[in-house]
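Fold and contact review
Below, each chain spelled out in residue letters.
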Amino acid sequence: MPVARRPLVAGNWKMNGLRHSGAELLAMIEGCGAPLAEKVDLLICPPATLLAQFAAEAAGSPIAVGGQDCHKKASGAHTGDVSAEMLADAGARFVIVGHSERRSDHQESDETVRAKAQAAWRTGLTAIVCVGETQAQREAGEALAVVAAQVRGSVPDGASADTLVVAYEPVWAIGSGLVPTVEDVEEMHGEIRRVLSERAGAEAARVRILYGGSVKPENCTALLNAADVDGALVGGASLKAGDFLAIARAYL
Ligand code: PGA
């Protein structure tokens, strides 16, 4: 019997949002409605400066909040960094690790990403581990192998559906308006689940695998209902309550 996985639609606000953006979060909370909340987990990952404010605003609502990155250590002399413990203390329940912008802007390796995921687990956060190939890698026919290697290198041992979410985000689809075909997404998600099962056995069937990269209200229905796709990691379109909720409604 196939395993039922509860969809997760997550918003990655990246380096966007000021205190007044709390109004957008409130609009999401007000607009989401019971039928949606019953079917879909909703998550917003604002910049670290807004985390405590958003967690307070979203307390008791169907929307969880999460961080966008964490340091591997709990505390110490690391100017400008934020630890998983700090995110949890501010009210986060999830943290994104290994986003392609972190991998390219900050030269994060799979090993670094794995250490960050372990840091998330140390403090009870669910890690959303991001993987994805570049355009050149896809054109060279290397996409499946590149992503499989990223999963093997970035996901720590001992993953469970409660502690791990994987986000497949082709680098060339992020912020570009381009999206892969549904067939390519299904092939990649199937491969990610197969690689996860090498590590996590039967538990891999319960782990949620999100698609990310230019998900919009106009293209979400086919992507989110594809085989092995258990939700979305949404960048630009998560900044507006109407668009974010329209995407989540793909599951209604
Ligand atoms: P996008 O970003 O939806 O703006 O393409 C997705 C992401 O980077 O998580």
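Presented here is an overview of the structure given in this document. (Residues numbered from 1 in each chain as written. Predicted model: local features only at pLDDT ≥ 70, side-chain atom pairs only at ≥ 80, totals over all residues. Heavy atoms only, no water.)

1. Some remarks on the site of the ligand
In the vicinity of the ligand, 13 residues are found, and the nearest of them are Lys 14, His 99, Glu 169, Gly 175 and Ser 214. A distance of 2.7 Å separates an oxygen atom of the ligand from a polar atom in the side chain of Lys 14. Between the ligand and Gly 236 there is a distance of 2.9 Å, counted from an oxygen atom to a backbone nitrogen or oxygen. In isolation the ligand offers 280 Å² of accessible surface; the protein chains occlude 97% of this area. (Near = heavy atom within 4 Å. Polar contact = N/O pair within 3.5 Å; in protein donor to acceptor, adjacent residues only side chain to side chain. Areas by Shrake-Rupley, 256 points an atom, 1.4 Å probe, with all protein chains shown as cover.)

2. Some words on the nonpolar core
Residues Val 9, Leu 42, Leu 164, Ile 192, Leu 196 and Leu 224 are the most contacted members of the largest nonpolar core, which totals 68 residues. Setting aside residues no more than four positions away along its own chain, Leu 224 makes contact with Val 9, Val 215, Val 229, Gly 231, Ala 232, Ile 247, Ala 250 and Tyr 251. Judged by nonpolar contacts, the second largest core, of 13 residues, contains Leu 8, Phe 94, Val 165 and Leu 210. (Core = buried A, V, L, I, M, F, W, Y, C linked by side-chain atoms within 4.5 Å. Buried < 20%, exposed > 50% of the residue type's maximum accessible area, 1.4 Å probe, protein only. Contact = heavy atoms within 4.5 Å.)

3. As for unusual backbone geometry
Phi is positive for Gln 107, which is not a glycine, with a value near 50°. Tracing the chain through its elements places Gln 107 in the loop between α4 (100–105) and α5 (110–122). One non-glycine residue, Ser 214, lies in positive phi territory at about 60°. (Helix = DSSP H or I, 4+ residues; strand = E, 2+ residues; numbered from the N terminus.)

4. Concerning the packing of aromatic side chains
On inspection of all chains with the given rule, the structure shows two aromatic pairs. Ring geometry for Trp 13 versus Phe 54: centroids 5.3 Å apart, planes at 85°, classification edge-to-face. Here Phe 54 lies in helix α2 (residues 51–58) and Trp 13 lies in the loop between β1 (8–12) and α1 (22–39), a separation of 41 residues in the sequence. A relative accessible area of 2% places Trp 13 in the buried class. Ring geometry for Tyr 168 versus Tyr 211: centroids 6.2 Å apart, planes at 65°, classification edge-to-face. Taken as a pair, Tyr 168 in strand β6 (residues 164–168) and Tyr 211 in strand β7 (residues 208–212) lie far apart in primary sequence, 43 residues in all. Classification of Tyr 168 by relative accessible area gives buried; the value is 0%. (Phe/Tyr/Trp six-rings, centres within 6.5 Å; stacked < 30°, edge-to-face > 60°.)

5. Quick look at the environment of Pro 156
Within the secondary structure layout, Pro 156 lies in the loop between α7 (143–154) and β6. Given a relative accessible area of 2%, Pro 156 falls into the buried group. With 38 residues separating them in the primary sequence, Pro 156 and Gln 118 have C-alpha atoms 6.7 Å apart. Setting aside residues up to four positions removed in sequence, Pro 156 forms contacts with Arg 114, Ala 117, Gln 118, Trp 121 and Arg 199.

6. What about helix α10 (residues 241–248)?
Within the sequence span of α10, burial applies to Ala 241, Phe 244, Leu 245, Ile 247 and Ala 248. Mapping the buried residues of α10 onto a view down its axis gives an arc of 155°, with all of them on the same face. Residues of α10 that are buried sit in contact with β1, α1, β2 (41–45), α9 (220–224) and β8 (231–234). (Arc of directions from axis to C-beta.)

7. Quick word on the side chain of Glu 169
Relative to the helices and strands, Glu 169 is located in the loop between β6 and α8 (182–200). For the buried Glu 169, which has no salt bridge, the nearest side chain bearing the opposite charge is Lys 14, at an N-O separation of 6.3 Å. For Glu 169, the side chain forms a polar contact with the side chain of His 99, separated by 3.2 Å. Apart from residues no more than four positions distant in its own chain, Glu 169 is found in contact with His 99, Cys 130, Val 131, Gly 132, Ile 174, Gly 212, Gly 213 and Leu 233. (Lys, Arg positive; Asp, Glu negative; His and termini not counted. Salt bridge = Lys/Arg side-chain N within 4 Å of Asp/Glu carboxyl O.)

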